[in-house]
Amino acid sequence: MSESIAAARNLPPLNEQAYRRRRRMKGLRDDLTSFWFLLPILAVFVVLFLVPLVQTLMFSFTDFNGYSMNMNWVGLENYKKVFSDSSTLQGLGFTILYAIVVMVGVTVIAIPLAVVLNRKFVGRNFVRSLFFFFSVPSLAIMGMVWKYIFSPMQTGVVNSVLSVFGIGPVPWLSNSKLAQFCVIFIAIWAQIGWHATLYLAFLQAIPADLYEQATVDGANKLQQFVHITLPQLMPGIVTSTFLLMSGGLKVYDLPFTMTKGGPGYSTYTVTQSIIQQGIGQSQYGIGSALAVLFFIATGVVVFLQMGISNLISRRFQ
Amino acid sequence: MKFNKTIKTALAAIAAGAMLFPLAACGGGSSADSGKIKLSYLSWNNEQMSKPYIDEFEKENPDVEIDFSYSPPTPEYIQTLQTRLVGNQAPDVFVITSENKTDLMDNGYVKDLTDEPFMKNISQANKDFVSRDGKVYGMSTSSWASGIVYNKDLLKKVGVSEPPATWDEFLALCKKLKNAGITPYLETVADGLSRIPDAFQGAIFAKNGVDVTKLATKDKQTPGADEKEAVKAWMEIYEQGLVTRDTVGISGDDMKTQFVNGQVAMICTGPWDFGTFQEASGLNWGYAQMPALDKDHENYAQGSPSPGLAIYSKLSGDKLKAAEKFLTFMSSKKALEMSSKEGNAITVEGFDSSVIDQFKDVYAKNVQTGKYYLNTNFYKNPDVLNTALQAETQQLVQGQITVDQWAKNVDQKMAAAQ
């Protein structure tokens with residue numbers, strides 16, 4: 001050991017510039033290795049995301065119909081059509097309503113549910129699994145099943161139950177407002193289990209000492225929830241609301257399978273409009289313009305929401 | 001665990017290779033050169049349904065081998081065909097239908113079949129379905145026509161043996177049934193316009209001598225204004241409270257279930273539901289022509305030729321000959337018999353389908369005579385029309401808009417799509 005120290009003492013003084021250069025080279029080599037690891041996913045990202053995104057932007061200024069590559073430049077014509085189409089605007093209205101109500105509804109129910117599921121009681125694991133199970137089937141399948149449950153006929157499942165209590169058939173899916181209610185209700189019902197599980201994971205990471213100290217200080221359960229649980233759950237709330245908002249804005253499967261966007265345009269969504277006009281009706285120009293606008297709008301909404309969430313979480317730190 | 005640079009680079013290369021391998025696998029495709037002419041055929045009938053025809057054709061034409069591919073109807077099929085056409089991977093023979101015929105004709109993807117010998121016996125209504133400017137671009141050999149399915153026992157309770165011939169009489173029968181405590185009629189507008197206005201409209205066009213094959217070439221597409229009179233007459237059934245406005249949320253299955261359970265006297269549907277009615281025990285049912293608008297109009301049905309087969313316009317030489325042979329086979333007695341056995345109502349001249357007793361009347365009076373009409377078959381942008389009809393009709397039935405507004409909104413949608 002002493003020999004090596006002696007040898008080190010005999011080394012010429014380290015040139016700082018050379019040392020930095022060597023470190024930089026090593027950093028570059030490491031970066032290059034990382035780059036090779038990233039290359040496959042980068043290629044997939046470019047081919048499956050970036051190229052279609054640029055193509056969509058390009059198509060939005062053309063009259064591309066999907067059948068002929070001889071397309072004409074139409075400027076902002078497609079964008080004008082999007083803004084003058086009443087069905088698209090109605091679709092936008094329902095999409096925003098859906099995204100906000102589902103986000104608020106799921107968050108407000110999932111947090112207390114997670115708190116309850118975090119307590120010890122007989123059959124806790126079974127109840128946790130049960131709630132999580134609701135979110136396992138796809139929303140498209142849920143839509144098809146609930147369509148029969150909410151059938152406006154007397155023979156519909158809900159109406160059959162109501163008739164036992166002497167309540168006449170309710171026009172669940174044939175009334176615009178009730179159809180909107182049904183779609184949003186099922187979206188909340190189907191997602192609370194998954195988001196409660198997410199909150200449960202965050203709840204289990206809260207140190208028990210915090211509650212013990214609060215109890216010693218005389219804080220009641222509500223005060224503990226407001227001053228300990230909620231602030232500690234903020235990262236979870238940010239994640240959950242981000243997922244709900246971004247998922248809600250691009251919703252398609254549930255309303256489409258339940259009501260096909262009807263009655264009228266009452267449950268019509270922007271994504272349905274993009275798919276219907278772009279692919280179904282071969283109006284790729286309009287579909288692309290709508291997709292571009294929606295991409296920007298979604299980005300703005302999601303960034304705003306993240307900004308607000310971060311502000312709130314900082315307030316609690 | 002430490003990796004030296006070589007190992008790290010090798011791992012990265014393997015990872016990259018692993019990502020690319022599945023992609024590379026997509027591009028392959030071996031084809032044994034058997035010396036036969038390979039004819040690619042894209043159908044929306046699956047392999048199980050198409051194979052008997054292909055086997056029989058290959059047996060009769062040993063020099064041709066069918067390269068079959070399938071995509072389910074309708075949006076998926078149209079998307080697949082569209083991608084293949086634009087990507088220069090066009091199938092040699094494919095399905096042409098109301099939703100894609102305009103685009104296929106506009107862009108010159110389909111061959112003119114007007115003077116082909118195999119088109120000789122194809123019925124005029126089936127030719128009209130895929131015609132433009134006097135040229136026929138597809139071969140359709142069968143058609144369907146909807147009608148009024150009725151419960152004989154329920155109608156008997158009010159002393160009627162079958163639905164009447166005109167709309168006014170039909171409404172009177174509904175009133176009679178309603179007064180007797182029987183739900184008279186049910187339909188669905190969850191998926192689009194009721195079948196009744198199309199039946200009226202077909203008769204109106206026929207009476208006025210309108211050439212429906214020219215509707216798609218009109219500068220201004222006005223299906224709403226054209227069908228306003230028919231829709232107004234049809235809406236009487238709602239205005240008189242003879243059918244529930246919940247039809248906007250009732251599916252075709254709901255409607256069928258109600259009928260099979262004897263909860264409704266009459267529904268409007270097509271031959272695809274016959275199997276269900278035949279299997280329903282104790283159901284005494286009949287199938288009548290759809291009522292006429294009035295005594296001055298004929299009894300038309302909502303109906304349509306079945307999708308046809310088209311030949312890719314750029315085919316030439318042996319491939320073109322093989323494609324023509326295939327269409328010749330598909331219109332031959334052998335193939336038509338096979339199709340008839342599957343329940344298709346054949347419309348080729350000189351061929352009679354063996355249809356069930358209940359369907360005989362409608363088959364003879366509507367299918368074989370071509371007295372049927374489907375609005376989405378004859379206007380430009382049928383997908384736009386379909387979507388507009390569905391949403392606007394639901395609002396109309398809900399009482400949110402008037403018939404005039406309905407017509408205006410539908411035409412505005414059509415104008416925006418042009």
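Structure's up top.
Since the model is a prediction, treat every value here as computed from it, not as a measurement. (Residues numbered from 1 in each chain as written. Chains lettered and ligands numbered in written order. Predicted model: local features only at pLDDT ≥ 70, side-chain atom pairs only at ≥ 80, totals over all residues.)

Asks: Kindly report on the overall build of chain A, identifying the contributing residues and their values.
Replies: Helix and strand counts for chain A come out as 13 helices and 0 strands. In chain A, the succession of α and β elements from N to C terminus is α-α-α-α-α-α-α-α-α-α-α-α-α. In terms of C-alpha radius of gyration, chain A reaches 28 Å, well past the compact-globule figure of 20 Å for 317 residues. Here the C-alpha coordinates of chain A stretch approximately 100 × 70 × 30 Å along the principal axes. Burial statistics for chain A: of 317 residues in total, 33% are counted as buried. (Helix = DSSP H or I, 4+ residues; strand = E, 2+ residues; numbered from the N terminus. Rg over C-alpha atoms; globule rule 2.2 N^0.38 Å. Buried ≥ 20, exposed ≤ 12 C-beta atoms within 10 Å, placed from the backbone.)

Asks: I'd like a description of the sheet that holds strand β7 (residues 147–151) of chain B, backed by residues and values.
Replies: All names here are of chain B. Read across the open sheet, the 4 strands follow the order β8-β9-β7-β10; overall the sheet is mixed. Strands at the two margins of the open sheet, each flanked by one partner only, are β8 (185–186) and β10 (285–288). Pairing between β7 and β10: 4 bridges, direction antiparallel. Bridge pairing in β10 links tyrosine 150 to glycine 286. (Pairing = 2+ DSSP bridges.)

Asks: Any details on the interface of chain B and chain A? Residues and values, ideally.
Replies: Every contact between the two is made by 35 residues of chain B and, on the other side, 33 residues of chain A. Elements represented by at least two residues in the side of chain B that touches chain A include exactly α1 (5–27), α3 (75–86), α10 (252–260), α15 (382–398) and α16 (403–417) of chain B. (Contact = placed C-beta atoms within 7 Å.)

Asks: Talk me through the sheet that holds strand β1 (residues 37–43) of chain B; I want residue IDs and the actual numbers.
Replies: All names here are of chain B. Spatial ordering of the open sheet is given by β2-β1-β3-β12, a layout of 4 strands whose pairing is mixed. Only two strands of the sheet have a single partner each, and these edge strands are β2 (64–70) and β12 (308–311). For this sheet the average axis-to-axis angle between neighbouring strands, irrespective of direction, equals 30°. As defined by bridge partners, β1 adjoins β2 across 7 bridges and the pair is classed as parallel. Bridge pairing links isoleucine 37 to valine 64 in β2. (Axes fitted to C-alpha atoms, helices over the stretch in contact; angles between N-to-C directions.)

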